[in-house]
Amino acid sequence: MGYIGLPTASTFATHGIDVVGVDVNPRIIETLQSGELHIYEPGLRDLVKTALINGNLRVQTQPEEADAFIIAVPTPFFGNKQADMTFVSSAARAILPHLREGNLVILESTSPPLTTTGLVAPILEESGLKAGKDFKLCYSPERVLPGQILRELIENDRIIGGIDLASAQAGRDLYSAFVKGEIHMTDATTAEMVKLMENTYRDVNIAIANEFSRLADRFGINVWEAISLANKHPRVKILNPGPGVGGHCISVDPWFLVEAAPDITPLIHTARKVNDGQPEFVVKLVKRALGSLKNRRVAVLGLSYKPDVDDIRESPAVETAHLLVQEGAKVKAFEPYKTTAQIPGLNLVESLAEVFSDAEAILVLVSHSPIRNLEPDVVAKLTPARVVIDTVHTWPEDKWTAGGFKVYQLGVGRS
Ligand SMILES: NC(=O)c1ccc[n+]([C@@H]2O[C@H](COP(=O)([O-])OP(=O)(O)OC[C@H]3O[C@@H](n4cnc5c(N)ncnc54)[C@H](O)[C@@H]3O)[C@@H](O)[C@H]2O)c1
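Computed from a prediction, not measured in an experiment: that's the story for all the values here.

S.K.: Can you help me understand the packing of helix 8 (residues 188–219) against helix 11 (residues 266–276) in this one?
M.R.: Direction vectors running N to C along helix 8 and helix 11 enclose 55 degrees, while the axes themselves pass 8 Å from each other. Judged by the inter-axis angle, helix 8 sits oblique to helix 11. Judged by the twist between their axes, the crossing of helix 8 over helix 11 is left-handed. Where helix 8 approaches helix 11, its residues Thr200, Asp203, Val204, Ile206, Ala207, Asn210, Glu211 and Arg214 are matched on the opposing element by Leu267, Ile268, Ala271, Arg272, Val274 and Asn275. The residue inventory of the contact of helix 8 with helix 11, partitioned by class, reads seven nonpolar, three polar and four charged.

This is how it looks when you write it as structure tokens:
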């Protein structure tokens, strides 16, 4: 019942399917049963409420017999960047006692190549039933954009990879309950690769934008201007640089390919290292603005991994804040979408007034709309800080300079 499972369950339930939403975390189940949500996603609260009230969605900590089972559990990595498949294995094991002939099982969790056939099928076959013969098995990657999950679940094209054609067809029939995009059938391993290729493609492209920001800094030019001019070329589409790449997907999934085939993935590996190194580049920029960071008071704006979401998993903004603390800075951080979050080692405050109150410099790490829309005259009244370090090109330099701030930007060198 996480960012993927809960929207998926509620969408099925509001399209006439009888759904049991399962999560091993009892607090999540209690929260949902009391009509509250443990995650933020626009529109989700109303959708869950409708699904619970119309009786098509029940939530509980244990699975039960069903026609179809969907697994949407986390697939993080261990410290050594190896995929942690324990959640997928335990979810498959939890289904095992309830698996019946004719059932359909679908894995949605982003997974290394060959997981469906090599990990999930053997676990489910411990039931004595045979995948393909007695039950159907698919891999269907989730490709929604956080912040737009409810719309994209329905409108995006969906890939269904079956371990055989009958499995793919059964998966297609199930998702047809609500998917308005095209449903494309393929085999399970291709479907696994599609998801990993999409996110790796994004990661490598962000890495080159980040490397361009370092080059622009060195050569004394403005990377944002250079990118917008390069993108005038009809076949060029450079992405935006920033403080790094985070979240549950793009910063994790490429490692699944590197782990699976380290001898043939040097580019993917290097892109990961470039993006993971970007918080250190931001810290150098802060040092350029402030000199030594020892005891310097820095207001950090934004901790999530991208704008207008509350997800702080693998966030480079969090990493950057930690690095500043390690340099001796007195950091106060404010995340407008998670004002009461607690992160060990960081001082998170609950309001803009608090984060600004005694700051010497303002470091913008996420272009959240409530941050982007701040006006320099309003901020100037809330803080003694007159230095801004903008890593996401969110505050127009001219305006903030005219408002009395000295502005440093990521990827803008001053030769
Ligand atoms: N969040 C996204 O935007 C997104 C997008 C595409 C793909 N994905 C992939 O979808 C998968 C799920 O991601 P998420 O963001 O929803 O994760 P999440 O952490 O928000 O939710 C996962 C939930 O699964 C529960 N869980 C763990 N083990 C379980 C088990 N054995 N049985 C039942 N519940 C169990 C956890 O308690 C948690 O609530 C991951 O593989 C992720 O990479 C996520």
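S.K.: What exactly am I supposed to notice about the sheet that holds strand 8 (residues 297–301) here?
M.R.: Across a sheet, paired strands are connected by hydrogen bonds in the backbone, their directions being either parallel or antiparallel. The sheet built from six strands is open, its strands ordered 10-9-8-11-12-13 with parallel pairing. Bordering the open sheet on either side are strand 10 (347–348) and strand 13 (406–409), each of which pairs with just one other strand. For strand 9 (residues 330–334) and strand 10, the ladder comprises two bridges, and the chain directions are parallel. Paired with lysine 332 across the bridge in strand 10 is asparagine 347. In the packing of helix 12 (residues 278–290) onto the sheet, the strands contacted are strand 8, strand 11 (361–364), strand 12 (387–390) and strand 13, and the crossing angle to strand 12 comes to about 160 degrees. Helix 13 (residues 316–326) contacts strand 8, strand 9 and strand 11 of the sheet and is inclined by roughly 160 degrees relative to strand 9.

S.K.: Help me out: how do you make sense of the pattern of salt bridges in this one?
M.R.: Two side chains with opposite charge may pair up if their charged atoms get near one another. Applying the stated criterion across every chain, the model contains 21 salt bridges. Among the ionic pairs, arginine 272 bridges to aspartate 203, the shortest N-O distance being 2.8 Å. You can see arginine 272 sitting in helix 11 and its partner aspartate 203 sitting in helix 8, a full 69 residues away along the chain. Of the two residues, arginine 272 and aspartate 203, neither departs from the other in class, the shared state being buried. What you see here is one network of salt bridges that share partners, running through Glu108, Glu142 and Arg158.

S.K.: Would you mind going over helix 13 with me for this structure?
M.R.: Because an α-helix packs 3.6 residues into every turn, residues spaced three or four apart end up facing the same way. Listed as buried for helix 13 are Pro316, Ala317, Val318, Thr320, Ala321, Leu323 and Leu324. Regarding helix 13, its N-cap is serine 315, as a side-chain oxygen of that residue lies 3.1 Å from the backbone nitrogen of alanine 317 further along. Following helix 13 by one or two positions, glycine 328 has its phi on the positive side, about 95 degrees.

Cut-offs applied
Residues numbered from 1 in each chain as written. Predicted model: local features only at pLDDT ≥ 70, side-chain atom pairs only at ≥ 80, totals over all residues. Heavy atoms only, no water. Axes fitted to C-alpha atoms, helices over the stretch in contact; angles between N-to-C directions. Helix = DSSP H or I, 4+ residues; strand = E, 2+ residues; numbered from the N terminus. Parallel < 35°, antiparallel > 145°, perpendicular 65-115°, else oblique. Left-handed = near helix turned anticlockwise from the far one by under 90°. Contact = heavy atoms within 4.5 Å. Nonpolar A, V, L, I, M, F, W, Y, C, P; charged D, E, K, R; others polar. Pairing = 2+ DSSP bridges. Salt bridge = Lys/Arg side-chain N within 4 Å of Asp/Glu carboxyl O. Buried < 20%, exposed > 50% of the residue type's maximum accessible area, 1.4 Å probe, protein only. Polar contact = N/O pair within 3.5 Å; in protein donor to acceptor, adjacent residues only side chain to side chain.

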